[in-house]
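Examination of the molecular architecture
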Amino acid sequence: MTIRLAPSILAADFAKLGDAVAAAERGGADLVHVDVMDGHFVPNLTVGPPVVRSLKRVARVPLDVHLMITDPDRYAEAFVEAGASMLSVHVEVLPHLNRTLTFIKGLGARAGVAINPSTPLVMLEEVAADVDHVLVMSVNPGFGGQAFLPRSASKIRALRAMLDRAGNPAPIEVDGGIDLDTVGEVVTAGAEILVAGSAVFGAPDIAAAARALRAAAEQAAAARDEEASRR
Ligand code: DX5
Ligand code: ZN
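Scope of this entry: the structure provided in the associated data block. Per chain, the residues get numbers from 1 upward, laid out in the order the sequence is written. Starting at A for chains and at 1 for ligands, labels are handed out in the order in which the entities are written. Only residues with pLDDT of at least 70 get local features here, since the model is predicted, and only at 80 or more are side-chain atom pairs given and counted; chain-wide, interface and lining totals rely on the full set of residues. Side-chain metrics in this entry use all non-hydrogen atoms of the structure; hydrogen atoms and water are not considered.

1. Side note on the site of ligand 1
Worth spelling out the cut-off: Any residue with a heavy atom positioned within 4 Å of a molecule or strand is treated as near that molecule or strand. Pairing of N or O atoms within 3.5 Å defines a polar contact, subject to two protein rules: one partner must be a possible hydrogen donor and the other a possible acceptor, and residues neighboring in sequence count only if both atoms are side-chain atoms. Under the convention used here, a 1.4 Å probe and the Shrake-Rupley method define accessible areas, while residue burial counts only the protein chains that appear. A run of DSSP states H or I qualifies as a helix once it reaches four residues; a run of E qualifies as a strand once it reaches two. Both are numbered from the N-terminal end.
Around ligand 1, the surrounding shell holds 20 residues, and the nearest of these are Asp35, Gly142, Asp175, Gly197 and Ser198. At a separation of 2.7 Å, an oxygen atom of ligand 1 approaches a polar backbone atom of Gly142. Look at ligand 1: alone it shows 380 Å² of surface, and the protein chains cover 98% of it. Those elements that place two or more of their residues in the shell around ligand 1 are β2 (32-37), β3 (63-68) and β8 (191-196).

Listed below in structure tokens is the structure:
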């Protein structure tokens, strides 16, 4: 499995975003995770395409944009145009998910589906062959710094099995409460893209925190690969 660390700028100092991203990159960040909130789908407001555009100018790694908004069809194009390489849309707000995924792919971005903790995996069954990645929320979206919901690990395991059944090697991304205490169990369960806000940008040394988290994830991934090769 290929581990990718995606630090979430939600926990960064917005007055120093460029510096924060550079520090995370020095620590081995593979992506920069941008949380977009509209005050409707989630009870919080964050940033829009202008901030993505500015980040695109300074980031050396791809931008992973997580749309926590009620009308992603309306705004997807603006985010891809601004520089999003990966776009995640929530299954809870999309009655025509295939159409949305096709639309995002047509814009030239990787199309992913995000799923809330209380939404059952069966909601993804019919699109399992079509997703470029799946983002499993391991907290209720809206805020950084919340505690990891333990049930998320078994959900990741079941999702990996679902994607494998569909013949889709798409990676699973996990988002919420990921830190040195929780990263091992989500990687063991099958997560490959690890979003972390407070654990990276809330640390006094951003690069060191990213490096430590990535190392812990790599260790769990190596153990998982070894276990799989013995089977
Ligand atoms: C939550 C966001 C997350 C958040 C994670 O709604 O989607 O990306 O920034 O923050 P931590 O890592 O602090 O839980
Ligand atoms: Zn997120």
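2. Comments concerning the coordination of the zinc ion (ligand 2)
Where a metal carries four tetrahedral donors, each ideal angle is 109.5 degrees; where it carries six octahedral donors, the ideal angles are 90 or 180 degrees. Put simply, the test is: Donor atoms (N, O, S) are those found within 2.8 Å of the metal centre, with the cutoff raised to 3.2 Å for Na, K and Ca; water is not part of the atom list, so apparent gaps in a site can occur. Irregular is the default label, applied whenever a site is not tetrahedral (four donors, all angles between 85 and 135 degrees) and neither square planar nor octahedral (four or six donors, opposite donors over 155 degrees apart, all other angles between 65 and 115). Only protein chains enter the accessibility calculation, which uses a 1.4 Å probe; a residue is then buried when its area is under 20% of its type maximum, exposed when over 50%, and partly exposed in between.
His33 (NE2), Asp35 (OD), His66 (ND1) and Asp175 (OD) make up the full set of protein donors to the zinc ion (ligand 2), lying at 2.0 to 2.3 Å. What the six donor atoms of the zinc ion (ligand 2) show is an angle range of 68 to 168 degrees at the metal, which sorts the shape as octahedral. Sequence spacing of the donor residues for the zinc ion (ligand 2), all on one chain, is H-x1-D-x30-H-x108-D. Here His33 is found in strand β2, whereas its partner Asp175 is found in strand β7 (residues 172-175), with 142 residues between them in sequence. With relative accessibility at 8%, the residue Asp175 sits in the buried group.

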